[in-house]
Amino acid sequence: MADRVADHVGALVRCLSLHLNRKVTGVIAVLLNHQGAGSLGAIAGFAIAVLFAWRFLRPSPGRRASDRRKRGAAPSTSRLAGGLEPSGSGGLVPTASLNDTVAVEAITSPAELSLGQIVRQRLGGCRKITCQLLGVILEERTPEELQKHATVRLSVLQIVEEISKYFDLFLMETVLDDESEEKVLSALENAGIFQNGNLIKNKVLFCSTDIGRTSFVRQLEADWHIDTNLDITSQLSRFIRLQLYISEIDSGQIPRNVLTSTSLERFFS
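Now for a description of the structure that goes with this document. Model, not experiment: these values are computed from the prediction.

### Digging into the packing of helix 5 (residues 115-122) against helix 7 (residues 157-166)
Axis angle and axis distance: for two packed helices, these are the angle between their axes and the distance between the axes, and together they describe the pair. One can describe the packing of helix 5 onto helix 7 by two numbers: an axis separation of 10 Å at closest approach and a directional angle of 60°. With respect to their mutual orientation, helix 5 and helix 7 come out oblique. The chirality of how helix 5 crosses helix 7 is right-handed. Between helix 5 and helix 7, the contacting residues are Leu115, Gly116, Val119 and Arg120 on the first element and Gln158, Ile159, Glu162, Ile163 and Tyr166 on the second. Here the residues of the contact of helix 5 with helix 7 sort into five nonpolar, two polar and two charged.

Here is the structure:
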């Protein structure tokens with residue numbers, strides 16, 4: 001924009017100079033036809049006036065140098081638009097390399113990430129997570145089985161440890177008697193789930209009905225809930241931001257904010 005204005009001004013000055021030159025030539029011709037002391041003095045005075053006018057209209061050297069610097073800076077602007085970015089040292093670096101770096105980070109496969117990074121990536125933005133025990137952390141799948149034994153899935157231990165390290169994790173289950181609670185707590189303790197100190201026994205909750213488990217999740221105001229009961233996940237879908245439904249079979253229509261996986265290990269693999 002500034003360059004176009006300068007060009008217009010320069011063209012105007014040149015037109016004015018040509019017009020002035022024609023006028024001066026005409027006046028000098030008239031004065032020479034009437035030679036005399038007064039005429040020669042008039043010519044001299046007119047020449048001095050023309051000289052001062054020309055000096056006034058002509059751009060100064062400093063202004064010409066400034067214009068040259070501005071014109072020289074224009075290619076830098078085009079280079080910035082064409083794929084260069086200012087560097088910290090005052091130079092330029094290709095934006096393509098920066099974009100490629102971002103793209104590489106965006107498409108990094110889970111195989112190239114640590115388990116802790118995958119957990120934070122999948123559960124990012126969450127503060128509190130609730131998780132059912134049966135069929136997710138325990139091998140058993142029904143409360144009746146817990147009356148006989150409780151077995152922790154060793155393949156989920158590291159996942160539970162990483163989740164409890166970065167998020168406020170609560171475990172919960174529906175049981176039929178106090179002995180089942182003791183079996184579950186004993187199995188969790190023997191597996192070392194409470195060793196790191198992030199997950200404590202007070203964060204393992206028990207209830208006698210599935211409705212009680214639903215109430216636990218709502219009262220805790222969890223951001224994420226993990227469960228194997230589709231009825232519970234469907235009821236909670238109105239209140240919980242995201243859920244993970246664990247099932248080995250296709251259960252049909254799933255609420256939009258409910259993710260599915262065959263196991264906790266598969267979801268974080």
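### Brief notes about the packing of aromatic side chains
A full pass over the atoms with the stated rule returns two aromatic pairs. Ring geometry for Trp224 and Phe267: centres 5.9 Å apart, planes at 55°, overall tilted. Within this pair, whereas Trp224 is found in strand 6 (residues 224-227), its partner Phe267 is found in helix 11 (residues 264-267), the two being separated by 43 residues in sequence. Accessibility expressed as a relative area gives 2% for Trp224, which makes it buried. In this structure an aromatic cluster arises from ring pairing among Trp224, Phe267 and Phe268. The ring of Phe267 is capped by Arg122, whose NZ or CZ atom sits 5.4 Å from the centre of that ring.

So, how was this worked out
- Residues numbered from 1 in each chain as written.
- Predicted model: local features only at pLDDT ≥ 70, side-chain atom pairs only at ≥ 80, totals over all residues.
- Heavy atoms only, no water.
- Axes fitted to C-alpha atoms, helices over the stretch in contact; angles between N-to-C directions.
- Helix = DSSP H or I, 4+ residues; strand = E, 2+ residues; numbered from the N terminus.
- Parallel < 35°, antiparallel > 145°, perpendicular 65-115°, else oblique.
- Left-handed = near helix turned anticlockwise from the far one by under 90°.
- Contact = heavy atoms within 4.5 Å.
- Nonpolar A, V, L, I, M, F, W, Y, C, P; charged D, E, K, R; others polar.
- Phe/Tyr/Trp six-rings, centres within 6.5 Å; stacked < 30°, edge-to-face > 60°.
- Buried < 20%, exposed > 50% of the residue type's maximum accessible area, 1.4 Å probe, protein only.
- Lys NZ or Arg CZ within 6 Å of the ring centre and 35° of its normal.

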